[in-house]
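A closer look at the structure
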Amino acid sequence: MLDLRQQHTVETPENVEVRLELAGVGSRAAAQLLDLVILWVGGLTVGIITQVAGVWHSEGGAVSGWVLAFLVLLGFASVLGYFALFEALNGGRTPGKQALGIRVVMDTGRPVTPTAVVVRTLVRLVDCFFPASYLPGFFLIVFSKGNKRLGDMAAGTIVVRDRPTDWALGVPTTDEPDEVLEAGPPDLSEEEFRLLDRFLARLNDLETTVQVRMTTELARRFEQRIPRRTTDAQAYLVQVFAEEQRKRRSRFATRAEAGTAGRTTVTAERFLAKKRAGWEAFRSLAVRMERSGVGALAPGEIPGFAARYREVAADLARARTYGVDPRVIEYLERVVSAGHNALYRARGRERTPIARYLLRDFPAAVVQSWAFVAVAFLMFAVPGVAGYTLIRDRPALAEEIFPAGLIGRAEQAKAREAEGAGYAQAEGEDRPVMAAWIISNNVLVSFLAFAGGLTAGVLTGWVLFSNGLLIGLVLGLFRNYDALDYLTTFVAGHGVLELTAIFISAGAGFRLAKAMVAPGDLTRADALVVEGRVAARMVGAVVTLLAIAGTIEGLLSASDAPRLLKYGVSAATVVLLGLYLASGRRYLKEQEARSSTMG
């Protein structure tokens, strides 16, 4: 039978090769569908619960506004956050992947890292949702080496089948000792023994006439050397096979003469008989750790588990040398893979405090990538200046490119300002909802700018160009109506952080683009992984800044707060941003000093 399964070979730290079976497009698509169903059911359940609880109808609307804002953020975060959280915290498995028996791991076979999870999750915006839902990811999984979509390429991950114990070796049917002194040497040659093994294994699959014919032929072949004590040919063959297995476990087996069973393969039979009980015990423990995590073991038991893992890994290497049955090799590879994942997840580095990520790692990645961020700024600013100049020189162009509502708002700006109404001003109970929508929209734009780096930077450049041009045109429009200050009063409070976040996100995208276009001495795959690690930390800074900017925009910018307060907050965000980046710069210098000391 043609075996269409694809495998990925990794070498463990114990210098043992393990072949991991790659998950195909069918199982991955089914897992994705199941995850989307879970998300839909979860959203529907939350909606029903809040409706029944009556939170939408609270007096004054304040509570319902905050609830709606929370649900907006929850709904947005669930789309990408669902995959990121489950894969990071559940050993590379979402509920859908777990049900289908697949998981995400690193190319090295080790458990997936949080950084890799972030990268592969964000790139879903390109290879799963844009521009045609799931088609890019589908074709890449089918045709790429390693069944990788873009997210896997950028993160250095693969999706493998997570069934390390699909079948077990079972236990011996007799209580014979490991060595039977009286058994004597084997009677069958290696070829005869394998033939008999395969025939008995497939016996029930053969037609009756074929069964009778082959059973009779084999019985006549063997009865010339091995006495026949029964008239039932099939029972005779079963007895011959059982006796042969017993002899191959005896100490006399290795003394077989040339022309019968070879020394190496006989050693394999004895090796299997001696080790199978230990393998099964380790397999059971690996399954328990797989289901319960490291908590399945007491702290003092982990070193013992590590020692048993190394022993089984060494047995895998010996099994290949001895020429053990391929099915046993496959079994051992799966058990070693399960033990490898459990052990190195248990030995993972101590978790980095979240505060260090937020205040040091994230801004350090931004400072490290200042050139990419500068390029992003220019690709935004140049179209912005061009758009502003164009609409100032040709005011009539506004009728062709802007909707009537925006032009009307610019025309009425002076009158609204005189009435004390600000741009996009919202009532108090609506501000939480506005803040939630603004945060969601800005995060989506930023994520798209990042993920667009895997289109060789084309999508990232388009996001910058189109948004820069649009903002320049809008500023020019309001300036034509002598209402620029009216608009900038609204933008001032949050604009610094919001625009900076977009530049950082685009800079992260350009890092990915550089890895694809100019990988240098590295392969493109390796360059993507290296750049993706830095880019993922930059995205962490983006989320941090956008969360602050969106909150300011929804709660302050859209309010009737004094203009002085809004500009004061804007100045404070400039100071905050400077301190944030300075913290990252100090952290980089500390790392460089530590590296030079160690060198």
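Everything numeric in this text was worked out from a predicted model, so none of it was measured.

A word on the overall build of the protein chain. Helix and strand content of the protein chain: 23 helices and four strands. Buried positions account for 46% of the 599 residues belonging to the protein chain. Total accessible area on the protein chain stands at roughly 30500 Å², and carbon and sulfur atoms take up 61% of it.

Overall, the coordinates contain 19 salt bridges when judged by the stated rule. In this structure, D152 and R120 form a salt bridge, with 2.7 Å as the shortest nitrogen-oxygen distance. In this pair, D152 sits in helix α7 (residues 150-155) while R120 sits in helix α4 (residues 114-122), placing the two residues 32 residues apart along the sequence. Considered together, D152 and R120 belong to a single accessibility category, that of buried residues. Linking R225 and E192 is a salt bridge whose minimum nitrogen-to-oxygen distance equals 2.7 Å. Taken together, the positions of R225 in the loop between α9 (208-223) and α10 (233-248) and E192 in helix α8 (residues 190-202) put the pair 33 residues apart, joining distant regions of the chain. The class for R225 is partly exposed, based on a relative accessible area of 42%. Residues joined by salt bridges that share partners form a network here, namely R28, E87, K97, R120, R124 and D152.

Our focus in this paragraph is the environment of L406. With respect to the secondary-structure elements, L406 resides in helix α17 (residues 404-411). Taking the C-alpha atoms as reference points, L406 and V474, 68 residues apart in sequence, are found 8.8 Å from one another.

Moving on: the packing of helix α20 (residues 458-480) against helix α21 (residues 484-517). Across the interface, α20 lies against α21 with an axial gap of 12 Å and an inter-helix angle of 170°. It follows that α20 is roughly antiparallel to α21 by the angle criterion. The segment α20 lies against α21, with T460, G461, L464, I471, V474, L475, F478 and R479 engaging L484, Y486, L487, L499, I502, A506, G509 and F510. For the contact of α20 with α21, the class distribution of residues is twelve nonpolar, three polar and one charged.

This paragraph deals with the pairing of strand β3 (residues 102-106). Taking burial as the measure, the five residues of β3 include five buried ones, the bulk of the element. Of the strand pairs in this sheet, β3 and strand β4 (residues 157-161) are connected by five bridges, and their pairing is antiparallel. Within the sheet, the bridge partner assigned to R103 lies in β4 and is V160.

Following the criterion strictly, the structure yields six aromatic pairs and no others. Ring plane angle 85° and centroid distance 5.2 Å describe the contact between Y82 and F83, whose orientation is recorded as edge-to-face. Of the two residues, Y82 and F83, neither departs from the other in class, the shared state being buried. Seen from their ring centres, F377 and F503 are 5.4 Å apart, and the 85° between their planes marks the pair as edge-to-face. On the criterion of sequence distance, the pair formed by F377 in helix α15 (residues 370-393) and F503 in helix α21 is long-range, its members being 126 residues apart. Here the aromatic cluster, defined as three or more aromatic residues joined through ring pairs, consists of Y82, F83 and F86.

Right, let's get into the packing of helix α14 (residues 354-368) against helix α22 (residues 524-557). Where α14 contacts α22, the axes come no closer than 8 Å and their chain directions differ by 115°. The two elements α14 and α22 cross, and the hand of that crossing is left-handed. Here α14 contributes L358, D361, F362, A365, V366 and Q368 to the contact with α22, which in turn contributes V534, R537, M538, G540, A541 and T544. Looking at the contact of α14 with α22, its residues break down into seven nonpolar, three polar and two charged.

Calculation rules
Residues numbered from 1 in each chain as written. Predicted model: local features only at pLDDT ≥ 70, side-chain atom pairs only at ≥ 80, totals over all residues. Heavy atoms only, no water. Helix = DSSP H or I, 4+ residues; strand = E, 2+ residues; numbered from the N terminus. Buried < 20%, exposed > 50% of the residue type's maximum accessible area, 1.4 Å probe, protein only. Areas by Shrake-Rupley, 256 points an atom, 1.4 Å probe, with all protein chains shown as cover. Salt bridge = Lys/Arg side-chain N within 4 Å of Asp/Glu carboxyl O. Axes fitted to C-alpha atoms, helices over the stretch in contact; angles between N-to-C directions. Parallel < 35°, antiparallel > 145°, perpendicular 65-115°, else oblique. Contact = heavy atoms within 4.5 Å. Nonpolar A, V, L, I, M, F, W, Y, C, P; charged D, E, K, R; others polar. Pairing = 2+ DSSP bridges. Phe/Tyr/Trp six-rings, centres within 6.5 Å; stacked < 30°, edge-to-face > 60°. Left-handed = near helix turned anticlockwise from the far one by under 90°.

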